[in-house]
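# Working through the structure, step by step
Letter by letter, the chains look like this.
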Amino acid sequence: MKFSVEREKLQRALTHVSSIIGSRSMLPLLGNVLINAQDGVLTLTTTDLEMRMTTSIEADIEEAGSTTLPARKLVSMVNTMTGAKVNFNVNDHDQAQVSCGTGRFRLLGLAASDFPEAADFEVIREIKLKEGDFKRMIGHVSYAACTDDSRKVLTGVLMSVRESGLTLVTTDGKRMAMQEVAAEEISGGDGDAIIAIRTMAEARRLMENDRVMTLKLGEKQCSFVIGNFTLTAKLIEGNYPNYRQVIPSGFKFTVEIPTAALLSKIEAVSLVLSENSSFIVMDFEDNKLKLAASSAEVGDANDEIDVEYSGDDFNVSFNPAFLADPLKATDAEMVKFKLNDSVTPVAIEAGEGFLYVIMPIRKK
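For the structure given in this document, a descriptive report is provided here. (Residues numbered from 1 in each chain as written. Predicted model: local features only at pLDDT ≥ 70, side-chain atom pairs only at ≥ 80, totals over all residues. Heavy atoms only, no water.)

When you go through the chain residue by residue, the secondary structure sums to six helices and 26 strands. Expressed along its principal axes, the backbone C-alpha trace of the chain runs to roughly 80 × 50 × 35 Å. A separation of at least 24 residues holds for 68% of the contacts in the chain among residues at least 6 apart in sequence. Of the roughly 18,100 Å² that the chain leaves accessible, carbon and sulfur atoms contribute 45%. When the 39 positive and 52 negative side-chain charges of the chain are each reduced to one mean point, those points stand 4 Å apart. (Helix = DSSP H or I, 4+ residues; strand = E, 2+ residues; numbered from the N terminus. Contact = heavy atoms within 4.5 Å. Areas by Shrake-Rupley, 256 points an atom, 1.4 Å probe, with all protein chains shown as cover. Lys, Arg positive; Asp, Glu negative; His and termini not counted. Charge placed at Lys NZ, Arg CZ, Asp CG, Glu CD.)

A word on the packing of helix H5 (residues 259-269) against helix H6 (residues 320-329). What describes two packed helices is the angle between their axes and the distance between those same axes. It is at 10 Å that the axes of H5 and H6 come closest, and there the two elements cross at 150°. Regarding the angle of H5 to H6, the classification is roughly antiparallel. Relative to H6, the crossing made by H5 is left-handed. Of the residues in H6, those touching H5 at Thr259, Leu262, Leu263, Ile266 and Glu267 are Pro320, Leu323, Ala324, Leu327 and Lys328. Taken together, the residues of the contact of H5 with H6 sort by class into seven nonpolar, one polar and two charged. (Axes fitted to C-alpha atoms, helices over the stretch in contact; angles between N-to-C directions. Parallel < 35°, antiparallel > 145°, perpendicular 65-115°, else oblique. Left-handed = near helix turned anticlockwise from the far one by under 90°. Nonpolar A, V, L, I, M, F, W, Y, C, P; charged D, E, K, R; others polar.)

In spatial order, the strands read E6-E2-E3-E4-E18-E17-E16-E10-E14; together these nine strands make up an open sheet with antiparallel pairing. Pairing within the sheet leaves two strands with one partner each, and these edge strands are strand E6 (65-70) and strand E14 (185-187). Going from strand to strand, the sheet's axes swing by 15° on average, the running direction of each strand aside. Note: strand E2 (residues 32-38) against E6, six bridges, orientation antiparallel. Opposite isoleucine 35, over in E6, you have threonine 67 as the bridge partner. Across the sheet, helix H1 (residues 7-17) touches E2, strand E3 (41-47), strand E4 (51-58) and strand E18 (229-234), and the angle it forms with E4 is around 175°. Contacting strand E10 (125-130), strand E16 (212-217) and strand E17 (221-226), helix H3 (residues 131-141) runs over the sheet at an angle of about 100° to E10. (Pairing = 2+ DSSP bridges.)

With that out of the way, let us pick up the nonpolar core. Of all hydrophobic cores here, the largest spans 98 residues; its most connected members are Leu10, Leu42, Phe134, Met159, Phe224, Leu262 and Phe337. Ignoring any residue separated from it by four or fewer positions in sequence, one finds phenylalanine 224 in contact with Phe134, Ile195, Thr199, Met200, Ala203, Met213, Thr214, Leu215, Phe229, Thr230 and Leu231. Counting 14 residues, the second-largest nonpolar core is a separate cluster that includes Met178, Ile194, Tyr240 and Val357. (Core = buried A, V, L, I, M, F, W, Y, C linked by side-chain atoms within 4.5 Å. Buried < 20%, exposed > 50% of the residue type's maximum accessible area, 1.4 Å probe, protein only.)

Once that is clear, we can look at the pattern of salt bridges. Inspection of every chain in the model, using the stated rule, returns 18 salt bridges. Arginine 12 serves as the salt-bridge partner of glutamate 208, at 3.8 Å between the closest nitrogen and oxygen. Residue glutamate 208 is located in the loop between helix H4 (197-206) and E16, and its partner arginine 12 is located in helix H1; the two are separated by 196 residues in the primary sequence. Residue classification places glutamate 208 among the partly exposed residues on the basis of a relative accessible area of 36%. Residue classification places arginine 12 among the partly exposed positions, given a relative accessible area of 37%. In this structure, the salt-bridge partner of lysine 128 is glutamate 126, at a minimum N-O distance of 3.8 Å. By sharing partners, the salt bridges in this structure join Arg12, Glu131, Glu208 and Arg211 into a single network. (Salt bridge = Lys/Arg side-chain N within 4 Å of Asp/Glu carboxyl O.)

According to the stated counting rule, one finds zero disulfides in the structure shown. Free of any disulfide, cysteine 222 has its nearest cysteine sulfur in cysteine 146, 20 Å distant. (Disulfide = S-S within 2.5 Å.)

What follows is the structure, encoded as structure tokens:
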């Protein structure tokens with residue numbers, strides 16, 4: 001196999017496909033990138049057996065063929081190169097001579113015939129939407145997923161497909177984040193799928209703003225077609241909880257608060273907290289929101305924000321990290337707090353289609 005390819009195109013393609021490779025694989029072949037050169041196209045593929053990423057770039061093919069080479073070593077080599085084109089010459093023993101500019105390298109590869117084949121994937125439904133919209137959706141909900149592997153279903157993102165649009169949901173049992181958006185096109189009918197957080201993160205890295213991407217869902221797999229990259233991954237199997245049950249049917253109070261000011265004051269008063277005291281208190285009074293925190297080991301802190309509120313005085317306590325997460329993720333200038341009392345779930349709305357439900361902390 002012999003070919004040459006533009007260094008910048010190769011660098012971008014290798015950087016993305018190598019990102020899914022695990023650092024502790026027991027199979028050396030899973031640390032390699034499958035390289036196939038044919039008909040003026042260079043196809044690069046990697047897999048960790050849970051995900052598979054493929055992309056294609058133009059190349060000058062002198063001799064067609066395929067091999068696998070150590071992905072991260074190859075990325076590092078290409079990153080040091082300064083020439084315009086990278087030249088590959090691979091012999092029958094999968095030894096690659098790689099050159100660019102004045103640099104010369106020899107890489108020991110493994111046979112392409114041993115690389116895992118892609119699993120059969122029958123598409124049930126297909127969604128088209130703007131990459132920028134989906135990228136924001138993932139950012140708005142990913143932080144609320146469970147990190148406990150014993151609750152596997154909750155470690156993923158629920159994707160609920162309906163005729164009206166797409167909904168992403170995450171929950172760890174103490175809070176829930178939900179984002180809805182209208183899709184450009186949906187085919188295959190209604191349905192749900194649970195996608196691993198890591199899969200979502202890898203897909204998000206590929207997304208830009210103005211392109212339309214395609215998401216394909218099957219019985220046990222999903223596939224993201226983003227630009228000239230295709231990311232295929234296993235779905236998480238199981239039944240996701242009925243997330244709409246945790247949303248209160250109504251609220252007594254709605255308070256609109258500037259996002260940046262609230263986040264800044266939450267972070268400030270939280271500085272005095274310790275492991276033995278991990279909540280902040282929000283006091284709603286006449287046109288004031290007061291924030292307070294204290295710990296026996298550090299001290300106490302207080303701050304306040306002017307808000308439009310004329311109801312009865314009451315206070316509610318929260319985990320400050322849980323309270324700050326949606327504020328960090330949103331680009332909305334104002335957030336709406338919807339409350340009933342100090343013990344029932346509180347809803348936060350931030351921007352179109354976003355809802356965050358959090359349980360207050362009951363102070364002992």
